[in-house]
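# Residue-level structure breakdown
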Amino acid sequence: MVNPVLNAIFERRSIRSYQDTQLTDEQIKTLMEVAVASPSARNSQPWHFSFVQNADLLAEIRDAVAESLDRPDFDVFYKAPTVIFISRSTTENQAYGAMDCGIAVENLAIAAHAMGLGSVILGMPRSAFTSPKADEFRKALNFPEGYDFAIALAVGYAAATKDAHPVDEGKISRIL
């Protein structure tokens, strides 16, 4: 396929192994621009994006998730050097806020792939925000007042890849 956007959609994979190389400031800036360019219902923008490259903070959140799963060696971020946490308003746009954050994380994942980066969309960090350290994590991630975890994206240079997942054509109906 010649279209670069369609190529990015079809070629992107969920990466669960990263090189020990941090993203550049230019890459972070581009991803930040992509994040806020995402569409939202009624342009409500019910999100906040926290771009985290602090290894110690990521380790604390990783450990809280691992403890909640009773899997002490589990790394929910797969050693990604950057994790983007998307928090959302818990008071505004309740009907569409979660969906808007899902759209934003997909835009970020496709953009990361187009930039030569790997990524994986993560819901599991949610358990860190129900742990005893939840408020500490919200504060460390600069979640605005009245916002809570929605979804996250681990981003970095892929250390491994995988084949495309099988496509189930039965998931599509065409009604004429």
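Everything here concerns the structure above.
Throughout what follows, the structure given in this document is the object of discussion. Computed from a predicted structure; not experimentally measured.

This brings us to the nonpolar core. Soluble globular proteins tend to bury their nonpolar side chains together. In this structure, Ile61, Phe77, Phe85, Phe129 and Leu141 are the most contacted members of the largest nonpolar core, which totals 26 residues. Residue contributions to this core peak at six residues, all from helix 3 (residues 55–69). In contact with Phe129, other than residues within four places in its own chain, are Phe85, Ala134, Phe137, Arg138, Leu141, Phe143, Asp148 and Phe149. Core analysis: the next-biggest nonpolar cluster, separate from the first, contains 21 residues, Phe51, Ala104, Leu108 and Ala150 among them.

Quick look at the layout of surface pockets now. Approximately 330 Å³ is the volume attributed to the largest pocket. If you trace the largest pocket, you find it lined by Ile9, Phe10, Arg12, Arg13, Ser14, Glu106, Ile110, Lys162, Asp163, Ala164, His165 and Val167. Taken together, the elements giving at least two residues each to the lining of the largest pocket come down to helix 1 (4–11) and helix 4 (97–114). In the lining of the largest pocket, the residues fall into five nonpolar, two polar and five charged. In this structure, the second largest pocket encloses a volume near 260 Å³.

Turning our attention to the pairing of strand 1 (residues 47–52). Of all six residues in strand 1, five are buried; the element is thus mostly enclosed. In the sheet, strand 1 pairs with strand 2 (residues 82–89) via six bridges, with the strands oriented antiparallel. In the sheet register, Trp47 faces strand 2, and the bridge partner there is Arg88.

Let us now look at the sheet that holds strand 3 (residues 118–122). With antiparallel pairing, four strands are arranged side by side in an open sheet as 1-2-4-3. Looking at the sheet topology across the chains shown, the edges are occupied by strand 1 and strand 3. The average angle at which neighbouring strand axes cross in this sheet is 20°, direction not considered. Its contacts with the sheet put helix 4 on strand 1, strand 2, strand 3 and strand 4 (147–156), and the angle it makes with strand 2 is roughly 160°.

Throughout the structure, instances matching the rule amount to eight aromatic pairs. Between the aromatic rings of Phe74 and Tyr78, the centroid separation amounts to 6.1 Å while the plane-to-plane angle is 85°, which identifies the pairing as edge-to-face. Consider the rings of Phe129 and Phe137, whose centres lie 6.3 Å apart with planes at 70°: the pair is edge-to-face. The residues Phe129 and Phe137 share a single accessibility class, namely buried. Among the aromatic residues, those joined into a ring-pair cluster are Phe77, Phe85, Phe129, Phe137, Phe143 and Phe149.

Thresholds, definitions, all that
Every chain begins its residue count from 1, and numbering advances along the sequence as written. Given that this is a predicted model, residues contribute local features only at a pLDDT of at least 70 and side-chain atom pairs are listed and counted only at 80 or more, while totals for whole chains, interfaces and linings are drawn from all residues. Hydrogen atoms and water are omitted, and side-chain values are computed over all heavy atoms in the structure. The set of buried Ala, Val, Leu, Ile, Met, Phe, Trp, Tyr and Cys residues whose side-chain atoms join them within 4.5 Å is what this entry labels a nonpolar core. Between buried and exposed lies partly exposed: a residue is buried under 20% and exposed over 50% of the maximum accessible area for its type, with that area taken using a 1.4 Å probe on protein chains only. Only DSSP runs of H or I with at least four residues qualify as helices, and only runs of E with at least two residues qualify as strands; both kinds are numbered from the N terminus onward. Contacts are residue-level and defined by heavy atoms, with any inter-residue pair within 4.5 Å sufficient. A cavity here means a set of 1 Å grid points, computed over protein atoms only, where a 1.4 Å probe fits but cannot escape. A pocket is an open set with protein on both sides within 12 Å along at least 5 of 7 lines, and lining residues have an atom within 4 Å of a point. Grid points are joined across faces, edges and corners, and a volume is the space filled by probe spheres set on the points. For this classification, the nonpolar set comprises Ala, Val, Leu, Ile, Met, Phe, Trp, Tyr, Cys and Pro, the charged set comprises Asp, Glu, Lys and Arg, and every other residue, Gly included, is treated as polar. Each pair of strands is called paired provided DSSP finds at least two bridges between the two strands. Working convention: axes come from line fits to C-alpha atoms, limited for helices to the stretch in contact. Angles between N-to-C directions cover 0 to 180 degrees. Centre distance within 6.5 Å is the pairing criterion for rings of Phe, Tyr and Trp, where only the six-membered ring of Trp is used; planes under 30 degrees apart are then read as stacked, over 60 as edge-to-face, and the remainder as tilted.

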